[in-house]
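# Topology and contacts: notes
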Amino acid sequence: MEERIYDIIIIGGGPAGYSAALYAARAGLDTLVVERMSAGGQMALTDIIDNYPGFENGVDGFELGMKMQQGAQRFGAKTEYGEVVGVDLEGAVKSVSTASKTFYGRTVVIATGANPRELGVENESKLLGRGVHYCAHCDGRFYKDKTVIVVGGGNSAVSDALYLSRIVKKVYLVHRRDALRATRIYHEPLMKAENVEFVWNSRVAEIHESNGRVGGVTVLDVNDGNKRLIDCDGLFISIGRQPVTAFLRDSVKLDAQGYIVADETTKTNIDGVYAVGDVRTKVLRQVVTAVSDGAVAVHYAEEYLG
Ligand code: NAP
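Definitions and cut-offs
Residues numbered from 1 in each chain as written. Predicted model: local features only at pLDDT ≥ 70, side-chain atom pairs only at ≥ 80, totals over all residues. Heavy atoms only, no water. Helix = DSSP H or I, 4+ residues; strand = E, 2+ residues; numbered from the N terminus. Rg over C-alpha atoms; globule rule 2.2 N^0.38 Å. Buried < 20%, exposed > 50% of the residue type's maximum accessible area, 1.4 Å probe, protein only. Lys, Arg positive; Asp, Glu negative; His and termini not counted. Charge placed at Lys NZ, Arg CZ, Asp CG, Glu CD. Pairing = 2+ DSSP bridges. Near = heavy atom within 4 Å. Polar contact = N/O pair within 3.5 Å; in protein donor to acceptor, adjacent residues only side chain to side chain. Nonpolar A, V, L, I, M, F, W, Y, C, P; charged D, E, K, R; others polar. Axes fitted to C-alpha atoms, helices over the stretch in contact; angles between N-to-C directions. Contact = heavy atoms within 4.5 Å. Core = buried A, V, L, I, M, F, W, Y, C linked by side-chain atoms within 4.5 Å. Domains from an automatic or database assignment. Salt bridge = Lys/Arg side-chain N within 4 Å of Asp/Glu carboxyl O.

## Considerations on the overall build of the protein
Tallying secondary structure elements over the protein gives six helices and 17 strands in all. Expected size for 306 residues packed as a compact globule is a radius of gyration near 19 Å; at 21 Å, the protein falls within 12% of this value. Over its C-alpha atoms, taken along the principal directions, the protein stretches across nearly 65 × 40 × 35 Å. Within the protein, the fraction of its 306 residues that count as buried is 50%. In the protein, 34 positive and 39 negative side-chain charges are present, and the distance between their average locations comes to 2 Å.

Below is the structure:
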């Protein structure tokens, strides 16, 4: 039996991936999405998204992911589930392999996104979901009237700290420097929040376990080496993200952080291969910029296919 050769294979079913799938299928291209688990990517872990236009009261991230998938399927896009472990992107027919299957396509769109970065401290993975979290909007509600630590100084950490300050009794914001990286718009409301305490120039040194859950955290002052034990119920780690590109094994050009080098055209260094959403080098990683990338990639894929 001859192998089916898709016009376009999209790796990853987040907003960027399903936007590409919608545009491709609607343009009449034979379209396959290969998705690891379920539609939506990181967006599906967010309870309410209110910076995606068209939803006056915000929208549940999981629901939006499902709707994006269904929208693409309406025009004939197909989804196969499985984690992509290898690719061969050179030549006119490219291949994308999971542990059990290999798919062939004339063009490939990489939309694998980025996962939360870990601290690498003992007990971090052991207590995951039992006090250690990477998504304040998903898990913050379990900490009503409790004490939590947020680690990081970027936009995510600061917006997580603000969000949590409205739910919990007390938030410690632990940051390794003495100034926030986050945009100014977040500074004032955070400084005003009475239950937020900044712990500057500090790193998480130890995560303590108590009855199988986080029982406290020791932070280390990076300037004087002093240690401080902070009693807390939860630890929200918000120190940036790690692009999902290891499976490419250097077949596509990456930057020093592992993001795929691609500009607003979404074109990579390989003809017929595009990178969309959080996995590519870009200034602003948001749902709205991810879906835009999907449309742009298909524009160039159609041009390439001729
Ligand atoms: P980010 O901007 O890269 O910030 C990461 C923060 O974590 C930095 O403060 C960094 O410290 C700290 N950090 C990194 N590694 C660490 C480690 N090993 N230990 C302790 N601290 C560490 O990441 P992000 O906040 O997740 O944001 C990612 C992107 O999404 C950004 O482009 C951001 O603007 C965007 N975003 C936008 C919004 C919004 O506008 N509504 C909301 C969230 C995210 P240093 O400052 O010392 O480097």
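## Here's the deal with the sheet that holds strand β9 (residues 147-151)
Each strand in a sheet pairs with its neighbour through backbone hydrogen bonds, running either in the same direction (parallel) or in the opposite one (antiparallel). The strand order across the open sheet built from five strands is β8-β15-β9-β10-β11, with neighbouring strands paired in parallel fashion. Unpaired on one side and paired on the other, β8 (132-133) and β11 (196-199) mark the two borders of the sheet. As defined by bridge partners, β8 adjoins strand β15 (residues 234-237) across two bridges and the pair is classed as parallel. For Val-132, the partnering residue across the bridge sits in β15 and is Leu-235.

## Considering unusual backbone geometry
For Asp-250, which is not glycine, the phi torsion reads 65° and is therefore positive. Tracing the chain through its elements places Asp-250 in the loop between β16 (241-243) and β17 (273-275). For Thr-266, which is not a glycine, the phi torsion comes out positive at approximately 70°. Take Thr-266: it is sitting in the loop between β16 and β17. Relative accessible area serves as the criterion here: at 0%, Thr-266 is assigned to the buried category.

## Quick notes on the site of the ligand
Taken together, 16 residues surround the ligand, and among them Asn-155, Ser-156, Arg-177, Arg-181 and Tyr-186 come closest. Between Gly-154 and the ligand, the recorded distance is 3.2 Å, taken from a backbone N or O atom to an oxygen atom. Between the ligand and Ser-156 there is a distance of 2.7 Å, counted from an oxygen atom to a side-chain nitrogen or oxygen. Taken together, the residues of the shell around the ligand sort by class into four nonpolar, eight polar and four charged.

## Remarks on the sheet that holds strand β12 (residues 202-210)
Taken in spatial order, the three strands of this open sheet run β12-β13-β14, and their pairing is antiparallel. Looking at the sheet topology across the chains shown, the edges are occupied by β12 and β14 (227-230). Across this sheet, the average inter-strand angle for adjacent strands is 25°, counted without regard to direction. Bridge count between β12 and strand β13 (residues 213-221): eight bridges; the pairing is antiparallel. Pairing of Ile-207 across the sheet is with Val-217, part of β13.

## Re the environment of Tyr-304
Within the secondary structure layout, Tyr-304 lies in helix α6 (residues 287-305). Judged by its relative accessible area of 34%, Tyr-304 is partly exposed. In the structure, Tyr-304 is positioned 31 residues away from Val-273 in sequence and 9.8 Å away in space, judged by C-alpha atoms. When sequence neighbours within four positions are dropped, the list of residues in contact with Tyr-304 reads Lys-94, Arg-106, Thr-107, Asp-271, Gly-272 and Tyr-274.

## Description of the nonpolar core
In this structure, Ile-8, Ile-10, Met-68 and Val-109 are the most contacted members of the largest nonpolar core, which totals 29 residues. Non-local contacts of Met-68, meaning those with residues more than four positions away in its chain, are made with Pro-15, Tyr-18, Met-43, Tyr-52, Val-287 and Val-291.

## Concerning helix α4 (residues 155-165)
Across the eleven residues that make up α4, a large majority, eight, are buried. Every buried residue of α4 is accounted for by Ala-157, Val-158, Asp-160, Ala-161, Leu-162, Tyr-163, Leu-164 and Ser-165. In this fold, the buried residues of α4 make contact with α3 (136-139), β9, β10 (170-174), α5 (187-192), β11 and β15.

## A look at the domain arrangement of the protein
Think of interface size as the accessible area that goes away when the parts come together; that is how it is often given. Split into domains, the protein comes out as domain 1 (5-115 + 241-305) and domain 2 (118-237). Computed over C-alpha atoms only, the centres of domain 1 and domain 2 are separated by 32 Å.

## Re the pairing of β14
Remember that side chains alternate between the two faces of the sheet whenever the strand is regular. Sheet analysis places β13 next to β14, joined by four bridges and oriented antiparallel. Across the sheet, Val-219 pairs through a bridge with Arg-228, a residue of β14. In this structure, the hairpin formed by β13 and β14 is closed by a connection of five residues, where Gly-225 is found at a positive phi of approximately 75°.

## Re the pattern of salt bridges
A side chain of one charge can pair with a side chain of the opposite charge when the charged atoms of the two come close. Considering all chains together, one arrives at 13 salt bridges under this definition. Between Asp-145 and Lys-144 there is a salt bridge, and its shortest N-O distance comes to 3.9 Å. For the residue pair Asp-145 and Lys-144, the accessibility class agrees, reading exposed in each case. As a salt-bridge pair, Lys-192 and Glu-188 come within 3.0 Å of each other at their nearest N and O atoms. With Lys-192 and Glu-188 both in helix α5, this residue pair falls four residues apart, about one helical turn. By the burial criterion, Lys-192 is exposed, and Glu-188 matches it. One network of salt bridges, with partners in common, ties together Glu-264, Arg-280, Lys-282 and Asp-293.

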